[in-house]
Amino acid sequence: MKELVAAITNLEEEAAVAIVEKKLQAGVSAHDILAACNEGLIAVGDLFSEGEYFLTELMFSGEIMNSIMEKLTPYLSAGETTATKGKVVIGTVLGDIHDVGKNIVINLLKGHGYEVIDLGIDVPAAEFVKAVKETGAKVLGLSALLNTTYPEMKTVIDELKKAGLRDKVKVIIGGAICSEKVREFTGADDYATDAIKGVTFCNKVYGHE
Amino acid sequence: MEESKQKLYNERLGRYLAAIKRKPIDRISTSIPVGSYADAISGYTIQELMYDPQKAEDRAVKFLKRYPEIDTFSAGFSSAVDFDILNSRLYRIPGRDIDPNSIRQFNEQEWMKADEYRRFIDDPIGFRMDIYFPRILGEYEKRGSIRSYIAFLKAGMQQGIAREQSRQINTRIKNEFAIPPSSQGIINAPFDTLTNLFRGLHGIMRDMFRQPDLVIEACEAILKQNLASCVAMADPKKQLPVWIGATRAGFLSPKQFEKFYWPTFYKGLMVLIEAGWTVRIFIEGNWNVHLDHLAEFPKGTVLFDLDNDTDIFTAHEKFGDKNAISGGIPTDMLILGTPEEVRQRVKLLIETVGKDGGWIPNSGGSIPAGCKPENFQAVLDAVKEFGVFHTGPAPKPEVSDMLDVKPQLPQIDRFITSWEEVKESNNWKIPGDEELIKRNWELFERMAYSWVISRR
């Protein structure tokens, strides 16, 4: 399994998929293969946090995982393919239609075992509140690219308060436009300017550190 | 132009050009990109500003009456009519698709598929007309229909009209307010063109791993096309810089940057620089690991607008002695901070990055729409307070000594239907002056070629 972990860590897609096929033919359990893949993904995340890897490399680790899952899924029981770590509601706030950053975070969260409820783009505050209420998710991610969205992020958090949900959910705002100053203005719990921070935040909230 | 206004115009232009050339100036130049902020305080919706040239003109007039301290202003009219005529799916248009007060937003998709590189590279016109345009232009989806022909006809007419509308606004701004624009002509980094308009970030990310050679080949093909179109629009006097938004390098590792982004980016800009133009680059996102490369540009040829994520002090250390930098006032400070915070920040930037004039005030790329007016005023006041080097006259706008230098453009055929082809297919014998006919034929061919290549 060490070579599979290494292939994923080094982003060698063809090698990683070939190893998975070989292992499956040799009768290795899909569950164990999946565990090795996760180890590789975590290593990629660490390299990203250390500044060794950059965004497109982080994204490609998710692509490799997609290719591997195509091979693995038929061998996994239904329970093993569904996410188990926790639920996360995410969306791009009202007034902004950009979804590239949000989708990167979603892919990563799924890769790390979270169930993601994606509300899409240009999402009104009421829809965020409704989704948090209905799913019982403990994490809400608000994504944006435009710096005109600061007031809208604040509105979402104010609406959560009005609905009596603020103490039931942790809110993280994400995008290059976010900062400590913006976090403070909006009343969010944390902010992220890179994708892996979203995963770290969820791990903290759900106690998977 | 009146004499007093001509004098003021020359002072502003001279100061700006000298700042870019890294020559002595009387005070810090205020060539600040203020577009979004000017929109926000105009009293009009973004939709109105994109559909009504009178209102676009009034926006500029209002802004410049309120802020005479500004050295440059780009007053052009960015018409949305064009986006309706062809129904460009690359954009969400204020008032049509999204809130009338939102800016135009970009709809990123994999408009070109991973297996279409070959056609894209070998047949740029055919690829666009047959594959790309039916996907991105709603009115051309049924190509060959009457509706699709009429849409192209209208788009051609509209281009001429929009240019004239912009020209009128710019002429008034120049004559009445003595303000030059901050740039003329645009070029994009080939990797950005490929990513933004064709493959999207997800697509290009996969391509860099799975088919790297095609990415490089495509960038080289785009470079040739972009350069030819850019030179046709750049300032013939070679005073105003060409503008570039460098958008995607912040997502790349140093290795990817060096392999895919930098070679064609640098090569293209050096063609312009070696022919006597300067360039103004918006360095979007985080370029901290790529800064050594930016130090490669010759002295006095580039003005860098840095985004919030790139450290302006490190950038200054690496190449501040050679080229001017703008930025360093955090966007969130202008929106959420206080005038005193802004004043202190501008003071710090003038005393460090701008100590010999090589800094122009800016936030991350441009002053944001949500900037508090008192914070923008604080920027201008701080320039007066800390950024005056001497009270003598501003430098005169330098006339380029490279007017005769022709850019070394890559050889490409910029005709869709060459004169020879049309002559032969019609069996024309041309009893009169062939050159007269050919020259006009080719003029419109080149315009059509540029239109197809740059259409979005």
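Here the structure is a predicted model, which is why all the values come from computation and not from measurement.

**A closer look at the overall build of chain B**
Part 1 of the reasoning: Tallying secondary structure elements over chain B gives 18 helices and 7 strands in all.
Part 2 of the reasoning: Taken over the C-alpha trace, chain B has a radius of gyration of 23 Å; the compact-globule value for 456 residues is 23 Å, and the two agree within 12%.
Part 3 of the reasoning: The dimensions of chain B, computed from C-alpha atoms along their principal axes, are 70 × 55 × 50 Å.
Part 4 of the reasoning: A total of 456 residues make up chain B; the buried ones form 54% of that total.
Part 5 of the reasoning: In chain B, 74% of the contacts between residues at least 6 apart in sequence involve partners at least 24 apart.

**Things to note about the domain arrangement of chain A**
Residues and elements named next belong to chain A.
Part 1 of the reasoning: The assigned domain composition of chain A is domain 1 (2-81) and domain 2 (87-205).
Part 2 of the reasoning: A straight line from the C-alpha centre of domain 1 to that of domain 2 covers 27 Å.
Part 3 of the reasoning: Counting residues at the interface gives 9 residues for domain 1 and 7 residues for domain 2.
Part 4 of the reasoning: Counting the surface lost from both domain 1 and domain 2, the interface buries some 630 Å², and carbon and sulfur atoms represent 79% of this.
Part 5 of the reasoning: Among the residues domain 1 hides against domain 2, the three largest losses belong to Leu41, Phe48 and Leu58. Together they make up 47% of the total.

**Section: the pattern of salt bridges**
Part 1 of the reasoning: Going through the model one piece at a time under the given rule, you end up with 48 salt bridges over all chains.
Part 2 of the reasoning: The salt bridge partner of Arg183 of chain A is Glu180 of chain A, with a shortest N-O separation of 2.9 Å. Of the two residues, Arg183 of chain A and Glu180 of chain A are both situated in helix H9 (residues 180-186); the distance of 3 residues between them amounts to about one turn of the helix.
Part 3 of the reasoning: With a closest N to O distance of 3.4 Å, Lys55 of chain B and Glu48 of chain B form a salt bridge.
Part 4 of the reasoning: Its relative accessible area of 28% is what places Glu48 of chain B among the partly exposed residues.

**Considering the interface of chain A and chain B**
Part 1 of the reasoning: Each partner contributes residues to the interface: chain A has 27 residues there, and chain B has 30 residues.
Part 2 of the reasoning: Of the roughly 2400 Å² buried between chain A and chain B on both sides combined, carbon and sulfur atoms contribute 67%.
Part 3 of the reasoning: Put simply, chain A and chain B have 4 salt bridges between them.
Part 4 of the reasoning: Where chain A meets chain B, there are 9 residue pairs in polar contact (both at pLDDT 80 or more).
Part 5 of the reasoning: Put simply, the parts of the chain that give the side of chain A that touches chain B at least two residues each are helix H4 (55-72), helix H6 (100-111) and H9 of chain A.
Part 6 of the reasoning: The greatest single-element share of the side of chain A that touches chain B, amounting to 7 residues, is contributed by H4 of chain A.
Part 7 of the reasoning: In terms of residue class, the side of chain A that touches chain B is built from 13 nonpolar, 9 polar and 5 charged.

**Remarks on the packing of helix H10 (residues 212-233) of chain B against helix H11 (residues 254-274) of chain B**
Residue and element names in this part refer to chain B.
Part 1 of the reasoning: At a closest axis distance of 10 Å, the pairing of H10 and H11 adopts a crossing angle of 20°. Comparing their axes, H11 and H10 come out roughly parallel. In this structure, H10 meets H11 at a crossing whose hand is right-handed. Together, Pro212, Val215, Ile216, Cys219, Glu220, Leu223, Leu227, Cys230 and Val231 of H10 and Lys259, Phe260, Thr264, Lys267, Gly268, Val271 and Leu272 of H11 make up the contact between the two elements.
Part 2 of the reasoning: Residue composition of the contact of H10 with H11, grouped by class: 11 nonpolar, 2 polar and 3 charged.

**A short note on the state of the cysteines**
Part 1 of the reasoning: Enumeration according to the criterion identifies 0 disulfides over all chains in this entry.
Part 2 of the reasoning: Left without a disulfide partner, Cys371 of chain B is nearest to the cysteine sulfur of Cys178 of chain A, which lies 19 Å away.

**Concerning the environment of Glu127 of chain A**
Residue and element names in this part refer to chain A.
Part 1 of the reasoning: One can find Glu127 in helix H7 (residues 125-135).
Part 2 of the reasoning: Judged by its relative accessible area of 40%, Glu127 is partly exposed.
Part 3 of the reasoning: Put simply, Glu127 and Asp189 are 62 residues apart on the chain and 20 Å apart in space, counted from C-alpha to C-alpha.

**As for the environment of Val215 of chain B**
Residues and elements named next belong to chain B.
Part 1 of the reasoning: By secondary structure assignment, the location of Val215 is in helix H10.
Part 2 of the reasoning: Looking at Val215, the relative accessible area reads 0%, which means it is buried.
Part 3 of the reasoning: Sequence separation between Val215 and Ile32 is 183 residues; the distance between their C-alpha atoms is 35 Å.

**Things to note about the packing of aromatic side chains**
Part 1 of the reasoning: Going through the model one piece at a time under the given rule, you end up with 36 aromatic pairs over all chains.
Part 2 of the reasoning: Aromatic side chains Phe60 of chain A and Phe209 of chain B sit 3.9 Å apart centroid to centroid with 10° between the ring planes, which places their arrangement in the stacked category. Within this pair, whereas Phe60 of chain A is found in helix H4, its partner Phe209 of chain B is found in helix H9 (residues 190-210), the two belonging to separate chains.
Part 3 of the reasoning: Classification of Phe60 of chain A as buried rests on a relative accessible area of 1%.
Part 4 of the reasoning: What makes Phe209 of chain B partly exposed here is its relative accessible area of 27%.
Part 5 of the reasoning: Members of the aromatic cluster, each reached through a chain of ring pairs, are Phe191, Phe257, Tyr261, Trp262, Phe265, Tyr266, Trp287, Phe297, Phe304 and Phe319 of chain B.

**What to know about empty space enclosed by the protein**
Part 1 of the reasoning: This model, assessed by the stated rule, comprises 2 cavities of 30 Å³ or more.
Part 2 of the reasoning: In this structure, the largest cavity spans a volume of roughly 60 Å³.
Part 3 of the reasoning: Together, Leu58, Met59, Gly62, Glu63, Ile104, Asn107 and Leu108 of chain A together with His202 and Met205 of chain B line the largest cavity.
Part 4 of the reasoning: Elements represented by at least two residues in the lining of the largest cavity include exactly H4 and H6 of chain A together with H9 of chain B.
Part 5 of the reasoning: For the lining of the largest cavity, the element with the highest residue contribution is H4 of chain A, accounting for 4 residues.
Part 6 of the reasoning: Residue classes in the lining of the largest cavity are distributed as 5 nonpolar, 3 polar and 1 charged.

Rules used in this analysis
Residues numbered from 1 in each chain as written. Chains lettered and ligands numbered in written order. Predicted model: local features only at pLDDT ≥ 70, side-chain atom pairs only at ≥ 80, totals over all residues. Heavy atoms only, no water. Helix = DSSP H or I, 4+ residues; strand = E, 2+ residues; numbered from the N terminus. Rg over C-alpha atoms; globule rule 2.2 N^0.38 Å. Buried < 20%, exposed > 50% of the residue type's maximum accessible area, 1.4 Å probe, protein only. Contact = heavy atoms within 4.5 Å. Domains from an automatic or database assignment. Buried area = accessible area lost by both parts, 1.4 Å probe. Salt bridge = Lys/Arg side-chain N within 4 Å of Asp/Glu carboxyl O. Polar contact = N/O pair within 3.5 Å; in protein donor to acceptor, adjacent residues only side chain to side chain. Nonpolar A, V, L, I, M, F, W, Y, C, P; charged D, E, K, R; others polar. Axes fitted to C-alpha atoms, helices over the stretch in contact; angles between N-to-C directions. Parallel < 35°, antiparallel > 145°, perpendicular 65-115°, else oblique. Left-handed = near helix turned anticlockwise from the far one by under 90°. Disulfide = S-S within 2.5 Å. Phe/Tyr/Trp six-rings, centres within 6.5 Å; stacked < 30°, edge-to-face > 60°. 1 Å grid on protein atoms, 1.4 Å probe; cavity = no way out; pocket = protein on both sides within 12 Å on 5 of 7 lines; lining within 4 Å. Points joined across faces, edges and corners; volume = space filled by probe spheres on them.

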